[in-house]
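Residue-level structural notes
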Amino acid sequence: MITILIGKVLRASGVQYHVYSGGQHYICTVRGKLRKGLATTTNLLSVGDDVYITPVSAEQAVIVMAAIAPDFKKSRLDRYCEASLRGKVKPVICINKIDLADEEFIRREMQIYEKLGNPVLYTSARTRQGIDNLVDILRGNVSVLVGSSGVGKSSLINAVQPDLALKTNALRENFLKGRHTTTSAELVTLDIGGMVLDTPGLREFALWQDGSSDAQDVMLSFPEIERLSHYCRFRNCTHQHEPGCAVKQAVERGEIDPARYRNLIKLRGGH
Ligand SMILES: Nc1nc2c(ncn2[C@@H]2O[C@H](COP(=O)(O)OP(=O)(O)O)[C@@H](O)[C@H]2O)c(=O)[nH]1
Ligand SMILES: [Mg+2]
Ligand SMILES: [Zn+2]
């Protein structure tokens, strides 16, 4: 079912509009069909216009991480995966800047995520490696791009659709310093079909997570550990100090990646 709301344009900036409707603010984009043939700089709407809007929620989170230090951290990846599953959004992992890294090493590091059934993309916005795969992932979907600042989120969207010309950090630093300091999310409609919300970082991500970190929910992102936890002696085992903990035993036997184990304990507020 499609919900259609009536709202008022509060702010128009480039390709996106802030619309007020029913006590809420929405970041909106003009549908591709209406936009066709117009330069991206043309404002189709003005502040004060009444509009119909169709709210959509993200179906998938493309978690972008750079393949190089200091960004490449599996603990960070686990946090993002966990938050997206909690937000009922499917995580897709995108390792960008692969042109700067030892690809074989990165692919080995990522094996565990692939084995768990997560789609993993290896991309370079610079050389366009993997961009076709990203296009396939984004086509026809409503996606949110998350990841630390500087990992290449805006560059990737530009690689998918160059005419969007989203500002990237390099531009910001070199030419526009101090001018485009807003860190608002940008919603764009793709010509290939679908929409992407380019977020400036983890802060935006908090919008669609409810804050509660239920132990059971956290376990969703650690299925290989969850399976074992049924064999723990205690039903409410925290897998830290308890005797007869099947999880700890598996870690000791090398059957569970110790880093994954540590990330799980950290996410559950343990130590
Ligand atoms: N070498 C290389 N540099 C990239 C790649 N993707 C983005 N960059 C550069 O990384 C910087 C940050 O990119 P940006 O798209 O602004 O990152 P964002 O903050 O995640 O949106 C820019 O200088 C980009 O040119 C890539 O795949 N390879
Ligand atoms: Mg950006
Ligand atoms: Zn246990």
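Within the largest apolar cluster, 43 residues are counted, with the highest numbers of intra-cluster contacts made by Ile63, Val64 and Cys94. In terms of residues, this core owes the most to one element, strand β5 (residues 60-66), which gives 6 residues. Taken domain by domain, the makeup of this core includes at least three residues from each of domain 1 (5-53) and domain 2 (60-208). What Cys94 contacts, discounting residues up to four positions off in sequence, is Val62, Ile63, Val64, Leu121, Thr123 and Leu134.

An order of β7-β6-β5-β8-β10-β9 is seen for the 6 strands of this open sheet, with the pairing classed as mixed. Looking at the sheet topology across the chains shown, the edges are occupied by β7 (120-122) and β9 (186-189). With direction set aside, neighbouring strand axes in the sheet form an average angle of 20 degrees. Looking at chain direction, β9 and strand β10 (residues 194-198) are connected through 4 bridges and run antiparallel. Across the sheet, Val188 pairs through a bridge with Val196, a residue of β10. Along the sheet face, helix α2 (residues 74-86) touches β5, β6 (90-96) and β8 (141-146) and points at about 170 degrees away from the line of β5. The sheet contacts of helix α3 (residues 103-115) involve β6 and β7, and relative to β7 the element is tilted by about 170 degrees.

The buried fraction of β6 amounts to 6 of the 7 residues, a majority that puts the element mostly inside the structure. Pairing analysis gives 7 bridges linking β5 to β6, with the strands arranged parallel. Across the sheet, the residue bridging to Val64 is Cys94, located in β6. Since β5 and β6 lie parallel, the crossover through α2 that links them has a hand, and here it is right-handed. Each parallel crossover has a hand, and the one from β6 via α3 to β7 is right-handed.

What follows is about α3. The terminal C-alpha atoms of α3 lie 18 Å apart, and with 13 residues this matches the ideal 18 Å at 1.5 Å per residue to within 8%. The axis of α3 is deflected most strongly, by about 40 degrees, at Glu109.

Inspection of the sheet shows strand β1 (residues 5-13) paired to strand β4 (residues 50-53) by 4 bridges, in the antiparallel sense. In the sheet register, Gly7 faces β4, and the bridge partner there is Val51. Of the strand pairs in this sheet, β1 and strand β2 (residues 16-21) are connected by 5 bridges, and their pairing is antiparallel. Its bridge partner being in β2, Val9 is matched across the sheet by Val19.

Here the focus is the packing of helix α4 (residues 131-138) against helix α5 (residues 153-160). Where α4 contacts α5, the axes come no closer than 10 Å and their chain directions differ by 85 degrees. Our classification of the angle between α4 and α5 gives roughly perpendicular. Across the interface between the two elements, Ile131, Leu134, Val135 and Leu138 from α4 touch Leu156, Ala159 and Val160 from α5. Among the residues making up the contact of α4 with α5, the classes are represented as 7 nonpolar, no polar and no charged.

Criteria and cut-off values
- Residues numbered from 1 in each chain as written.
- Chains lettered and ligands numbered in written order.
- Predicted model: local features only at pLDDT ≥ 70, side-chain atom pairs only at ≥ 80, totals over all residues.
- Core = buried A, V, L, I, M, F, W, Y, C linked by C-beta atoms within 7 Å.
- Buried ≥ 20, exposed ≤ 12 C-beta atoms within 10 Å, placed from the backbone.
- Helix = DSSP H or I, 4+ residues; strand = E, 2+ residues; numbered from the N terminus.
- Domains from an automatic or database assignment.
- Contact = placed C-beta atoms within 7 Å.
- Pairing = 2+ DSSP bridges.
- Axes fitted to C-alpha atoms, helices over the stretch in contact; angles between N-to-C directions.
- Right-handed = clockwise from strand over helix to strand, strands pointing away.
- Expected span 1.5 Å × (residues − 1).
- Bend = angle between axes of the 7 residues up to and from the residue.
- Parallel < 35°, antiparallel > 145°, perpendicular 65-115°, else oblique.
- Nonpolar A, V, L, I, M, F, W, Y, C, P; charged D, E, K, R; others polar.

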